[in-house]
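For reference, the chains in residue letters:
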Amino acid sequence: MYYHDLNSELRRRFGCKVYKLSLATGATCPNRDGRCGTGGCIFCDGAGFFAAKGASVEEQLAKAKARIRDKVPSGTRYIAYFQDYSATYAPLSRLETAFFSALADPEVVMLSAATRPDCLPEAVLELLSACQEQKPVMVELGLQTIHAHSAEHIRRGYDLSVFEDAVSQLRKRNLDVVVHLILGMPWETREEMLQSAAYVGRMDVQGVKLHLLHVLSGTDLGSEYLRKPFHLPDLEEYISLLEDVLRLIPPEVVIHRLTGDGAKKNLIAPLWSADKKHVLNAIRAAFERDNLVQGSLHQA
Ligand code: SF4
């Protein structure tokens with residue numbers, strides 16, 4: 001059994017336990033402020049962005065470290081993970097302050113920013129490049145799917161060509177790219193989900209984050225589901241899909257996540273996903289049973 005998990009990769013790269021600390025730049029999202037939409041993506045409740053808003057990055061770092069101090073071994077190092085909304089969609093001066101403040105922390109070994117491919121203008125790319133001169137930087141892009149009908153259904157608000165251009169601009173600057181995909185969207189066939197995975201597997205990206213579609217209260221997807229429940233994968237179905245996806249991703253690509261991580265209190269479906277420990281144990285047991293090998297079906 002082999003898959004290239006993030007924890008092992010970070011330990012190999014930095015020689016110690018590395019933990020992500022969620023931080024906010026105070027950014028919003030073009031899919032919410034009217035630049036390309038106001039309702040947001042249909043699955044997004046914005047509640048996953050739990051970093052302390054309004055506080056300086058130094059304060060946010062101190063609070064985030066204090067929260068986990070008893071849980072992590074001494075000598076743990078940190079990734080400053082800017083993940084609020086579209087983390088690069090804020091005034092440049094604010095981004096500069098936030099990113100360089102985080103990098104100045106000696107316990108921070110890496111900077112990560114989760115954003116949209118249409119939120120990476122030249123000035124932001126240059127800023128990320130300048131950050132990388134100090135410490136490694138990775139940029140997460142919420143692609144979710146390569147299929148236009150599906151992107152329209154979730155109201156993603158940008159075309160695949162925008163994603164491709166962003167990846168090429170980031171890689172030109174040697175910045176690591178992590179791509180988010182959502183599995184289990186009922187308006188996509190299994191074949192279409194595998195096509196998204198195969199496509200990402202052929203791109204020059206360094207990481208993939210796989211999410212199970214979560215139906216959350218307070219979202220348009222949640223209202224759609226409550227009006228007329230649709231099919232969502234059960235655990236076995238999800239694991240089988242996940243295995244096929246991983247077989248299409250080259251072995252050197254780091255897998256940052258195997259399933260979703262939504263707030264339990266807002267979860268409408270699938271309820272089995274709320275027991276994260278059970279889910280991860282079942283996934284790992286299935287990987288062993290099936291002798292899963294990441295990239296075994298990858299074609300360059
Ligand atoms: S998922 Fe990202 S892009 Fe979509 S509405 Fe939420 S913050 Fe904006």
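Let us look at the structure shown here.

What counts, and at which threshold
- Residues numbered from 1 in each chain as written.
- Predicted model: local features only at pLDDT ≥ 70, side-chain atom pairs only at ≥ 80, totals over all residues.
- Helix = DSSP H or I, 4+ residues; strand = E, 2+ residues; numbered from the N terminus.
- Rg over C-alpha atoms; globule rule 2.2 N^0.38 Å.
- Buried ≥ 20, exposed ≤ 12 C-beta atoms within 10 Å, placed from the backbone.
- Contact = placed C-beta atoms within 7 Å.
- Near = placed C-beta within 6 Å.
- Nonpolar A, V, L, I, M, F, W, Y, C, P; charged D, E, K, R; others polar.
- Pairing = 2+ DSSP bridges.
- Axes fitted to C-alpha atoms, helices over the stretch in contact; angles between N-to-C directions.
- Parallel < 35°, antiparallel > 145°, perpendicular 65-115°, else oblique.
- Left-handed = near helix turned anticlockwise from the far one by under 90°.
- Expected span 1.5 Å × (residues − 1).
- Arc of directions from axis to C-beta.

A word on the overall build of the protein
(1) Moving on: In terms of regular secondary structure, the protein is built from 10 helices and nine strands.
(2) Moving on: Whereas a compact globule of 300 residues would reach a radius of gyration of roughly 19 Å, the protein reaches 19 Å, a difference of no more than 12%.
(3) Moving on: Taking the principal axes of the C-alpha coordinates as reference, the protein spans close to 45 × 45 × 40 Å.
(4) Moving on: Of all 300 residues assigned to the protein, the portion counted as buried reaches 40%.
(5) Moving on: In the protein, the share of contacts with a sequence separation of at least 24, taken over all contacts with a separation of at least 6, comes to 87%.

Focus on the site of the ligand
(1) Moving on: Neighbouring residues of the ligand: Cys29, Asn31, Arg32, Gly40, Cys41, Cys44, Tyr85, Ser86, Arg116 and Gly142.
(2) Moving on: Looking at the shell around the ligand residue by residue, the classes come out as four nonpolar, four polar and two charged.

Side note on the sheet that holds strand β4 (residues 137-144)
The pairing of strands in a sheet happens through backbone hydrogen bonds and is either parallel or antiparallel.
(1) Moving on: Taking strand neighbours across the sheet as the criterion, the seven strands line up as β1-β2-β3-β4-β5-β6-β8 in an open arrangement whose pairing is parallel. The outermost strands of the open sheet, each flanked by one partner alone, are β1 (18-23) and β8 (254-257). When strand polarity is set aside, the average angle formed by the axes of neighbouring strands in this sheet is 25 degrees.
(2) Moving on: Both strand β5 (residues 176-183) and strand β6 (residues 207-212) contribute to a ladder of six bridges, which runs parallel. Each residue of the ladder has a partner; that of Leu183, found in β6, is Leu212.
(3) Moving on: Strands in contact with helix α7 (residues 190-202) are β5 and β6; relative to β5, the strand with the most contacts, it is inclined by about 175 degrees.

Side note on the packing of α7 against helix α9 (residues 235-248)
(1) Moving on: In the contact formed by α7 and α9, the axes pass within 8 Å of each other and the chain directions differ by 30 degrees. Considering the angle they form, α7 stands roughly parallel to α9. As for how α7 packs across α9, the hand of that crossing is right-handed. Side by side, α7 and α9 meet where Arg190, Met193, Leu194, Ala197, Ala198 and Gly201 of the first sit next to Leu241, Asp244, Val245 and Leu248 of the second.
(2) Moving on: Grouping the amino acids of the contact of α7 with α9 by side-chain chemistry returns seven nonpolar, one polar and two charged.

Considerations on the packing of helix α3 (residues 92-104) against helix α4 (residues 122-132)
(1) Moving on: The contact between α3 and α4 brings their axes to 11 Å, and the two run at 15 degrees. Classified by the interaxial angle, the pair formed by α3 and α4 is roughly parallel. Here α3 runs over α4; the crossing is right-handed. Packed against α3, whose contacting residues are Leu92, Leu95, Glu96, Phe99 and Leu103, the element α4 presents Ala123, Val124, Leu127 and Cys131 at the interface.

A short note on helix α6 (residues 160-172)
(1) Moving on: Here α6 is 13 residues long and its end C-alpha atoms lie 18 Å apart, about the 18 Å a rise of 1.5 Å per residue gives.
(2) Moving on: Contacts from the buried residues of α6 go to β4 and β5.
(3) Moving on: Remark: Asn174 follows α6 within two positions and exhibits a positive phi of approximately 65 degrees.

Remarks on the environment of Leu21
(1) Moving on: Assignment of secondary structure puts Leu21 in strand β1.
(2) Moving on: With 23 C-beta atoms packed within 10 Å, Leu21 lands in the buried category.
(3) Moving on: For Leu21 and Phe82, which are 61 residues apart along the polypeptide, the C-alpha to C-alpha distance reads 8.3 Å.
(4) Moving on: In contact with Leu21, other than residues within four places in its own chain, are Leu61, Ala64, Lys65, Tyr78, Ile79, Ala80 and Tyr81.

Here's the deal with the pairing of strand β2 (residues 77-82)
(1) Moving on: Of all six residues in β2, five are buried; the element is thus mostly enclosed.
(2) Moving on: Here six bridges tie β1 to β2, and the two strands are oriented parallel to one another. What sits directly across from Ser22, in β2, is Tyr81.
(3) Moving on: As defined by bridge partners, β2 adjoins strand β3 (residues 108-115) across five bridges and the pair is classed as parallel. By the bridge assignment, Ala80 is partnered in β3 with Leu111.

Some details on helix α2 (residues 57-68)
(1) Moving on: Compared with an ideal rise of 1.5 Å per residue, which puts 12 residues at 16 Å, α2 spans 17 Å between its outermost C-alpha atoms and is within 8% of the ideal.
(2) Moving on: Listed in full, the buried residues belonging to α2 are Val57, Gln60, Leu61 and Ala64. Along α2, the residues classed as buried sweep out an arc of 100 degrees about the axis, all on the same side. Looking at α2, the residues exposed on the side facing more than 90 degrees away from the buried face are Glu58, Glu59 and Ala66.

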